[in-house]
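Each chain, written out:
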Amino acid sequence: MKKLKIVIAVVVVLGVSPWKGLAQTMSMVEANYNRLTNEWLKISGQLKSYEGLSEYCQNADFKSYTGYVLGTIHRYDSVLLAQINHPSSNLRSKEAQKITKEIAAFERKHSMRDFNNVFSENCTDWRKMERTKSRTYSASGVHSFDSQVLNLEMILYRYLNRIDKKLISLEDHLDFIQPHHAGTLDLVLLSEQ
């Protein structure tokens, strides 16, 4: 209780507004989420091509970084979901229900496990295509190398585009969450180092 009085005294004496700090915290959460979304969109754009999948399957650093970015997005979503659903939260509106539903759907449908499974299968297909490249390169029709590449890129595009759309939709909802509902997470992106 004594510490609380000291904090209140410091706030009153120095004229520090606790809401200003909370607003800065929320703007930091929004800024970090925006940075994460932009970073994911860059990675996703690269992964939608055969060359990007090749990089992902062969380069452990790129694979690890992709997992880091998507995992961090999931952590931010979990923090926001926990804050919205916290008993002290007064977010009981339709907008809060919509955010909760969208975050839960994203966490369920696009989990790290799901992402890793999908890309494990795609890397297996990529390796098979690379092994048989010399035979299928001169083939025609659906068995040709170019046709297989096009098919694989279409699968990647559809899967990653669903994630992209969900992230952009979630990002649009951040304005609704008030500063005192958000937590913070440290964020370090390779593109900013």
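Residues numbered from 1 in each chain as written. Predicted model: local features only at pLDDT ≥ 70, side-chain atom pairs only at ≥ 80, totals over all residues. Heavy atoms only, no water.

**Observations regarding the pattern of salt bridges**
Here comes step 1: Enumeration over the complete set of coordinates arrives at two salt bridges.
Here comes step 2: A salt bridge links Lys-42 to Glu-39, with the nearest nitrogen and oxygen atoms 3.9 Å apart. Note that Lys-42 and Glu-39 are positioned in helix 2 (residues 18-47) at a spacing of three residues, about one turn of the helix.
Here comes step 3: Under the relative-accessibility criterion, Glu-39 is labelled buried at 6%.
Here comes step 4: Two residues, Asp-164 and Lys-48, come together in a salt bridge whose shortest N-O distance is 2.8 Å. With a gap of 116 residues between them, Asp-164 in helix 8 (residues 145-173) and Lys-48 in the loop between helix 2 and helix 3 (50-58) connect regions that are remote in the sequence. The pair Asp-164 / Lys-48 is uniform in exposure class, with both members buried. (Salt bridge = Lys/Arg side-chain N within 4 Å of Asp/Glu carboxyl O. Helix = DSSP H or I, 4+ residues; strand = E, 2+ residues; numbered from the N terminus. Buried < 20%, exposed > 50% of the residue type's maximum accessible area, 1.4 Å probe, protein only.)

**Things to note about the side chain of Ser-44**
Here comes step 1: Among the secondary structure elements, Ser-44 is positioned in helix 2.
Here comes step 2: Taking relative accessible area as the criterion, Ser-44 reaches 0% and is therefore assigned buried.
Here comes step 3: Ignoring any residue separated from it by four or fewer positions in sequence, one finds Ser-44 in contact with Leu-160 and Asp-164. (Contact = heavy atoms within 4.5 Å.)

**Some thoughts on the packing of aromatic side chains**
Here comes step 1: This model, assessed by the stated rule, comprises 10 aromatic pairs.
Here comes step 2: When the centroid spacing of 6.4 Å and the interplanar angle of 85° are considered together, the rings of Tyr-56 and Phe-62 count as edge-to-face. Phe-62 matches Tyr-56 in its accessibility class, with the two residues each being buried.
Here comes step 3: Taking 6.3 Å as the distance between ring centres and 90° as the angle between the ring planes, the aromatic pair formed by Tyr-56 and Phe-115 counts as edge-to-face. On the criterion of sequence distance, the pair formed by Tyr-56 in helix 3 and Phe-115 in helix 6 (residues 112-131) is long-range, its members being 59 residues apart. (Phe/Tyr/Trp six-rings, centres within 6.5 Å; stacked < 30°, edge-to-face > 60°.)

**So, the confidence of the model for the protein chain**
Here comes step 1: Across the protein chain, the average pLDDT comes to 76, with 69% of residues at 70 or higher.
Here comes step 2: Within the protein chain, the element-level pLDDT minimum falls on helix 1 (residues 2-14), averaging 33, and the maximum on helix 3, averaging 96.
Here comes step 3: Below pLDDT 50 for its whole length, residues 1-25 participates in nine contacts with residues either more than four positions away or in separate chains.
Here comes step 4: Considering only residues more than four positions removed or in separate chains, one finds that residues 178-189, a stretch of pLDDT under 50, has 38 contacts. (pLDDT = per-residue confidence, 0-100.)

**Re the layout of surface pockets**
Here comes step 1: Estimates place the volume of the largest pocket at around 180 Å³.
Here comes step 2: In this structure, the largest pocket is lined by Asp-125, Lys-128, Met-129, Thr-132, Gln-148, Asn-151, Leu-152 and Ile-155.
Here comes step 3: Looking at the lining of the largest pocket, the elements with two or more residues in it are helix 6 and helix 8.
Here comes step 4: Tallying contributions element by element places helix 8 first for the lining of the largest pocket, with four residues.
Here comes step 5: Broken down by class, the residue content of the lining of the largest pocket amounts to three nonpolar, three polar and two charged. (1 Å grid on protein atoms, 1.4 Å probe; cavity = no way out; pocket = protein on both sides within 12 Å on 5 of 7 lines; lining within 4 Å. Points joined across faces, edges and corners; volume = space filled by probe spheres on them. Nonpolar A, V, L, I, M, F, W, Y, C, P; charged D, E, K, R; others polar.)

**Brief notes about a positive patch on the surface**
Here comes step 1: Taken together, the side chains of Lys-63, Arg-127, Lys-128 and Arg-131 define a basic patch exposed on the protein surface.
Here comes step 2: The leading source of residues in the positive patch is helix 6, at three residues.
Here comes step 3: In this structure, Arg-127 sits in helix 6. (Patch = residues over 30% accessible without salt bridge, like charges linked within 9 Å, V, L, I, M, F, W, Y side chains within 5 Å. Areas by Shrake-Rupley, 256 points an atom, 1.4 Å probe, with all protein chains shown as cover. Lys, Arg positive; Asp, Glu negative; His and termini not counted. Charge placed at Lys NZ, Arg CZ, Asp CG, Glu CD.)

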